[in-house]
Every structure is written in structure tokens, then in C-alpha cells.
Amino acid sequence: MDKKCSVRYTIGLITAPRQKGYYLDRTLDSLNRTGFNDITIFAEPGSVIPSSHTGPVIIRPKQYGDWTNWATGFYELLLSNPESDLFLMVEDDVIFCNMAKSYLEHSLSTLGEFGSLSLYTP
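Residues numbered from 1 in each chain as written. Predicted model: local features only at pLDDT ≥ 70, side-chain atom pairs only at ≥ 80, totals over all residues. Heavy atoms only, no water.

(A) Geometry of the overall build of the protein. A tally of regular secondary structure across the protein gives four helices and four strands. Secondary structure elements in the protein, listed N-terminal to C-terminal, are α-β-α-β-β-α-β-α. Relative to the 2.2 N^0.38 estimate, which gives 14 Å for 122 residues, the radius of gyration of the protein is 15 Å and therefore close to what a compact globule would have. Overall, the protein is about 45 × 30 × 30 Å in size when its C-alpha atoms are taken along their principal axes. A buried classification covers 35% of the 122 residues belonging to the protein. A separation of at least 24 residues holds for 65% of the contacts in the protein among residues at least 6 apart in sequence. Carbon and sulfur atoms provide 54% of the accessible area of the protein, an area that totals close to 7800 Å². (Helix = DSSP H or I, 4+ residues; strand = E, 2+ residues; numbered from the N terminus. Rg over C-alpha atoms; globule rule 2.2 N^0.38 Å. Buried < 20%, exposed > 50% of the residue type's maximum accessible area, 1.4 Å probe, protein only. Contact = heavy atoms within 4.5 Å. Areas by Shrake-Rupley, 256 points an atom, 1.4 Å probe, with all protein chains shown as cover.)

Below you can see the structure in the form of C-alpha cells.
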């Protein structure tokens, strides 16, 4: 079976209110440009969500903080989308290159039954 043709994606994005350095709209645009869509946003209270976003938005009842929001969001996606092959969790201040999805699909064959890939480089 060709994994590239049958990969089911679930995408989550965490965001928080920003005094400066707001990139959420640019992050969403870059994800859409690379071929990722249907993105679930996990937002801290007071976060600004672009009106152009049409996917699900989960507003947290209180401030979770970066790590807790990320881990809780991932867990919620895992429970609600167990059929997915790939879960991508991102933060609101990353701009993705146009080939990000192609890179992941190319790299999937190296994972075996379970593993992780990263789009971040040190």
C-alpha cells in the first residue's frame, strides 16, 4: 500500500494572546499553502482567531500554558481521531515551507509501526 496516497492527517494548533509578535494568521496561511487544512485551534482565553479560519476552535476555560495546551490538545485529537495516520501539533508562531507536507509524506516510510518526525530543526 502506498502510504503517500492513503495518509489521514489530523492537525492541531495551539495559540495564546500576544502583546506583540502575532503570527497566527501567517501560520494558518502557511499550513494551508503546504496542503494542510482542517486545522483545530486550541486557544488560551483572550486569543485572537482570524475570521478566515473555518476549522474547529477550542477555547480553553482557563490559561493552560504552552506545554499543557499542547499535550491536552494532542490527547483530545488522538481520542477523537483514532483512525488518523499522522498527527501534527504546531504552535502559532511557525511559518511552514511549501514542501513541509511532501517532506513528511516522503519520510513516513522510515518510521516503521510507530514513531515521530519533526519539521523543526535546531
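Right, picking up where we left off after that structure.
(B) Highlighting the environment of Val57. Along the polypeptide, Val57 turns up in strand β3 (residues 57-59). Measuring from C-alpha to C-alpha, the distance between Val57 and Thr10 comes to 14 Å, with 47 residues separating the pair along the chain. If near-sequence neighbours (up to four positions away) are discounted, Val57 is found in contact with Ile41 and Ile49.

(C) Quick look at the pattern of salt bridges. Counting across every chain of the model gives three salt bridges. One salt bridge in this structure joins Asp85 and Arg8, with 3.1 Å as the shortest N-O distance. In this pair, Asp85 sits in the loop between α3 (66-80) and β4 (86-91) while Arg8 sits in the loop between α1 (3-6) and β1 (9-15), placing the two residues 77 residues apart along the sequence. The exposure class assigned to Asp85 is partly exposed, which follows from its relative accessible area of 44%. For Arg8, a relative accessible area of 43% corresponds to the partly exposed category. A salt bridge links Glu76 to Arg60; its shortest N-O distance comes to 3.0 Å. (Salt bridge = Lys/Arg side-chain N within 4 Å of Asp/Glu carboxyl O.)

(D) Region of interest: helix α2 (residues 24-34). When α2 is considered as a whole, its buried residues turn out to be Leu24, Thr27, Leu28, Ser30, Leu31 and Thr34. One face of α2 carries all of its buried residues, which in axial projection span an arc of 160°. Of the residues flanking the end of α2, it is Gly35, one or two places downstream, whose phi is positive at about 110°. (Arc of directions from axis to C-beta.)

(E) Structural context of empty space enclosed by the protein. Going through the model one piece at a time under the given rule, you end up with one cavity of 30 Å³ or more. If you add up the space inside the largest cavity, you get close to 60 Å³. At the level of secondary structure, the elements contributing two or more residues to the lining of the largest cavity comprise β1 and α3. In terms of residue class, the lining of the largest cavity is built from two nonpolar, three polar and five charged. (1 Å grid on protein atoms, 1.4 Å probe; cavity = no way out; pocket = protein on both sides within 12 Å on 5 of 7 lines; lining within 4 Å. Points joined across faces, edges and corners; volume = space filled by probe spheres on them. Nonpolar A, V, L, I, M, F, W, Y, C, P; charged D, E, K, R; others polar.)

(F) Structural context of the side chain of Ser30. Along the chain, Ser30 turns up in helix α2. For Ser30, a relative accessible area of 0% corresponds to the buried category. There is a polar contact of 3.0 Å between the side chain of Ser30 and the backbone nitrogen of Phe96. Excluding residues within four positions of it along the chain, Ser30 makes contact with Val94, Ile95 and Phe96. (Polar contact = N/O pair within 3.5 Å; in protein donor to acceptor, adjacent residues only side chain to side chain.)

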